[in-house]
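Letter by letter, the chains look like this.
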Amino acid sequence: MSGEDKFSSILKLTDLDYINPSQICIKPVEIEKTKPNGTSKIKIENDGSYVEVSEDGTEKTLEKATITLNDCLACSGCITSAESVLITAQSVQEFLTNINGTKTIVVTLSPQSRASLSNHFKLSPISVYKKLSTFFNQLGINYLFDSSFSRDFSLLESANEFVARYKKTIDLPLPMLASACPGWICYAEKTHGDYILPYISTTKSPQQIMGTLVKYYFSEKINKKPSDIYHVTIMPCYDKKLEASRNDFYSDIFNTKDVDCVLSTSEILDLFKDKEIDFNNLAETEIRDETFLNYDRANDKFIGVQGSSGGYLEFIYKYAAKELFNLDIQNKDIEYKVGRNSDFKETSLMVNGEKIFTFALAYGFRNIQNIVRKIKISTSTNKHCGYDFVEVMACPSGCINGGGQIKSEGGIKDNKAFTQDSENYYNDQLMRDPQNNLVVKEIYNSWLNGYFSQDSNTKLHTEYHRIEKSTNALNIKW
Amino acid sequence: MPLELIGSISDGLCPERIWHVAWHPSGDILASCGNDKQIQIWAKEQNKWVLAQSLEGHEQTVRRIAWSPNGKYLAAASFDVTTSIWENTSSDPQDIEFTHVSSLEGHNYEVKSVAWDSTGTLLATCSRDKSIWIWEMQEDNEFECLSINSGHSQDIKCVAWHPTLELLASGSYDDTIKFWKDIDGDWECLYTLSGHTSTVWDISFNSTGDRLVSCSDDRSLLFWKYFEGADKWKNVCKLVDHSSRPIFSIDWSHLNDKICTGSGDDSISILEQDKSASTADSEQYKVTIKHEKAHNSDVNCTRWNPKYPNIFASCGDDGTIKIWKVIE
Ligand code: SF4
């Protein structure tokens, strides 16, 4: 199955896209005309050969310059093998090969993938987890973690980063833009470069924080080297594969990636089919250790935050209101004004009739465009762009609707309702703010030296890099 | 019926290759663009066309330009991946004094075409990145992106709005024409017309918007008609081998229903519907004028004057702009 449609549409529109090379290749082919200054024309025959037609109508076939692989690699016109190589490096095949090796295997399941599987099999999220445990146990895998757990770190770091930006204790501007979506990050790096990157939160995404925790915290607990662990995540999109393969998340010292392989939700479904698994009838393995899970044993339920794309807006809003103005805000106090489409919402914190800050949700490519545009204009005119924090996500409806999620069988129309069902399954959990996660608290104390500390900055934050775009001036007739 | 050349602009004022010409709604001003990265605004003084203003700023070829329906704004699509918006800021509407007011970024590759809708609030742009962007103009000359449409599998060459409805048509290197419409906040592809066997270079609606004509690299012209009952656009006429080379431009006059085409064989043609030979499902269009050697090289664009019937402008790779009159 091709991975093409599993990426967010934002990547499909940028040059990370798989443009089929041959037909659209824009590499200007140098053709030697025989008459240097004549008014002869060159036409391309159906077989692709170039024919020079001189004024008197005589035709002459011309030598054609061939396009080499080197030309392709040096040209940003169409993406060549690089991304396909990357995708094969993170395939179900690769996963199956690696789990049969000597490494300790850790799988991290995202709550969005869990919800998608719940919806597909009409099972509660907890049943999905327990059955999945059984399935992975059979494959010899003993650790099945939950990225809601690492998301608590991501939320706390983001919120503290926001407060620091707001108080200007760090030299980074507002609005702060969420960083959890690699589709958006990739696009920002490729297209907007220096303009936009300083606005993007430096906090790692939940996937990459889990990567750090698994390879450098958990590994010590089980007395392993980081490179002795093979860490697999199950995520709602292929964009997460690109994220995992970033150089920033590779350690030269330990010669290992924080996340070795990313599988999409739909690939897990393929794996079930491959192994002829009747998922609904699998036994459920009881949860023994909830350390890397947000699990409430008494109620036998998972714990998470509101918002199937990570709940960044609401948590940072509440946290900042408390930290900056000592205001206690509940989720229900946050009232949204919906924009032109439901993927754009904004909300302001008012104190004594005065607007303190404004937060927005911008999902999907068009809403991202408008945010980027507003920021660019405000930078050039030195004005406030109107927002202090924006939860940016590449997919319309956010991660629950990610490109790697299981699709409804009824086509596009049906998919909206299907996505809503997944959302409902996502919400079948207890809600808890991340400060109240005692395990997270303990790790912050013992391993990170507190929120937004020097240690947490080294371990839980990252950098972005502008990607130079090669311009290829077109001189051909298009 | 012959074609009379009534005006010509060249004299080294123009770049080597002129891509596009666009008439101001008043019919007395003409804008052109080409590979010199500039936009030229020409005004008629006595019987001569003089350069009124040159708009500079694009870093690469300006491929197409479009006037807003009220003539106050000019939009330009460029290979430098941006679309620029210019406003006539002179207090006297007869005067020409354009200032750059906005630059629309977002396309990932060359912008190929730009078009304003009939109300002048929506702007569509299309690009080699295979996407169509719909922008809405706000009060302060600011633009908000309403939609990014993907559906074409290749480079999109042209976009054209329906003359009265909020309906957009696009023509592509993938040989198809697609129609786009806002459905509950999302722009969706309503119809895909297949028929051409190569790049669709240009499309044009008739004045009532129930017909569309398209020209192609496959050297044919296709006429499409909207059937309301079936809610379908159907091909009602096909003129194969209309030219010996690709046909780059087509324009359907909204004043008298004549159609002009510009081709890679350097010729310009005028067509008209043969009503007596047309039925509901099949229509006849015949070439009433074929003017060979209209330019010394490819004819890139032909556009009817929106005010004065039978007058149109053409431009080409030979770096000239010509104004023609159809003598009846
Ligand atoms: S919004 Fe979520 S699912 Fe979509 S690309 Fe971003 S991270 Fe992936």
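Residues numbered from 1 in each chain as written. Chains lettered and ligands numbered in written order. Predicted model: local features only at pLDDT ≥ 70, side-chain atom pairs only at ≥ 80, totals over all residues. Heavy atoms only, no water.

Topic: the overall build of chain B
Thought 1: Helices and strands together make up the secondary structure of chain B, namely 0 helices and 28 strands.
Thought 2: Taken against the 2.2 N^0.38 rule, which gives 20 Å for 328 residues, the C-alpha radius of gyration of chain B at 18 Å falls within 12% of a compact globule.
Thought 3: Projecting the C-alpha coordinates of chain B onto the three principal axes gives extents of approximately 50 × 50 × 30 Å.
Thought 4: Summed over its atoms, the accessible surface of chain B is roughly 12100 Å², and 44% of this surface lies on carbon and sulfur atoms.
Thought 5: Computed over 29 positive and 50 negative side-chain charges, the separation of the two mean positions in chain B equals 8 Å. (Helix = DSSP H or I, 4+ residues; strand = E, 2+ residues; numbered from the N terminus. Rg over C-alpha atoms; globule rule 2.2 N^0.38 Å. Areas by Shrake-Rupley, 256 points an atom, 1.4 Å probe, with all protein chains shown as cover. Lys, Arg positive; Asp, Glu negative; His and termini not counted. Charge placed at Lys NZ, Arg CZ, Asp CG, Glu CD.)

Side note on the environment of A:Ala320
Residue and element names in this part refer to chain A.
Thought 1: Residue placement: Ala320 occurs in helix α13 (residues 312–325).
Thought 2: Looking at Ala320, the relative accessible area reads 0%, which means it is buried.
Thought 3: For Ala320 and Asn436, which are 116 residues apart along the polypeptide, the C-alpha to C-alpha distance reads 16 Å.
Thought 4: Leaving out residues up to four positions away in the same chain, Ala320 has contacts with Phe162, Val163, Phe325 and Phe357. (Buried < 20%, exposed > 50% of the residue type's maximum accessible area, 1.4 Å probe, protein only. Contact = heavy atoms within 4.5 Å.)

A few points about the site of the ligand
Residue and element names in this part refer to chain A.
Thought 1: Every residue close to the ligand is listed here: Ser8, Cys181, Pro182, Pro236, Cys237, Asp239, Lys240, Met393, Ala394, Cys395, Cys399 and Gly402.
Thought 2: Of the residues in the shell around the ligand, the class split is 8 nonpolar, 2 polar and 2 charged.
Thought 3: A domain split of the shell around the ligand shows at least three residues from each of domain 1 (85–152 + 205–304) and domain 2 (159–204 + 307–407 + 428–435). (Near = heavy atom within 4 Å. Nonpolar A, V, L, I, M, F, W, Y, C, P; charged D, E, K, R; others polar. Domains from an automatic or database assignment.)

Details of the sheet that holds strand β5 (residues 143–146) of chain A
Residue and element names in this part refer to chain A.
Thought 1: Taken in spatial order, the 4 strands line up as β5-β4-β7-β10 in an open sheet, and their pairing is parallel. Edge positions in the sheet fall to β5 and β10 (261–264), since each has one partner strand and no second. Each strand of the sheet is rotated relative to its neighbour by a mean of 25 degrees, with strand direction disregarded.
Thought 2: The pairing of strand β4 (residues 104–109) with strand β7 (residues 229–235) spans 6 bridges and is parallel. Bridge pairing in β7 places Leu109 opposite Ile234. (Pairing = 2+ DSSP bridges. Axes fitted to C-alpha atoms, helices over the stretch in contact; angles between N-to-C directions.)

What about the packing of aromatic side chains?
Residue and element names in this part refer to chain A.
Thought 1: Inspection of every chain in the model, using the stated rule, returns 51 aromatic pairs over all chains.
Thought 2: Ring centres 4.6 Å apart and planes at 20 degrees place the aromatic pair Phe145 and Phe292 in the stacked group. On the criterion of sequence distance, the pair formed by Phe145 in strand β5 and Phe292 in the loop between α12 (265–274) and β11 (295–296) is long-range, its members being 147 residues apart.
Thought 3: Phe145 sits in the buried class, given a relative accessible area of 7%.
Thought 4: An angle of 85 degrees between the planes, with centres 5.6 Å apart, marks the rings of Tyr317 and Phe357 as edge-to-face. Pair noted here: Tyr317 is in helix α13 and Phe357 is in strand β15 (residues 354–363), with a separation of 40 residues, a long-range link.
Thought 5: Using a relative accessible area of 1% as the deciding quantity, one classes Phe357 as buried.
Thought 6: Ring-pair connections join several aromatic residues into one group, and the members of that group are Tyr143, Phe145, Phe149, Phe153, Tyr217, Phe218, Phe292, Tyr444, Trp447 and Tyr451. (Phe/Tyr/Trp six-rings, centres within 6.5 Å; stacked < 30°, edge-to-face > 60°.)

Brief notes about the domain arrangement of chain A
Residue and element names in this part refer to chain A.
Thought 1: Domains assigned within chain A are domain 1 (85–152 + 205–304) and domain 2 (159–204 + 307–407 + 428–435).
Thought 2: The C-alpha-based centres of domain 1 and domain 2 are spaced at 27 Å.
Thought 3: Listed by partner, the interface residues are 36 residues for domain 1 and 27 residues for domain 2.
Thought 4: For the pair domain 1 and domain 2, the summed buried area comes to about 2500 Å², and 55% of that belongs to carbon and sulfur atoms.
Thought 5: For the interface between domain 1 and domain 2, the tally reads 3 salt bridges.
Thought 6: Linking Arg246 and Glu189 is a salt bridge whose minimum nitrogen-to-oxygen distance equals 2.8 Å.
Thought 7: At the junction of domain 1 and domain 2, the tally comes to 17 residue pairs in polar contact (both at pLDDT 80 or more).
Thought 8: Mapped onto the side of domain 1 that touches domain 2, the elements with two or more residues apiece are α6 (111–121), α8 (147–167), α10 (206–221), α11 (239–244), α12 and β12 (301–304).
Thought 9: The greatest single-element share of the side of domain 1 that touches domain 2, amounting to 7 residues, is contributed by α6. (Buried area = accessible area lost by both parts, 1.4 Å probe. Salt bridge = Lys/Arg side-chain N within 4 Å of Asp/Glu carboxyl O. Polar contact = N/O pair within 3.5 Å; in protein donor to acceptor, adjacent residues only side chain to side chain.)

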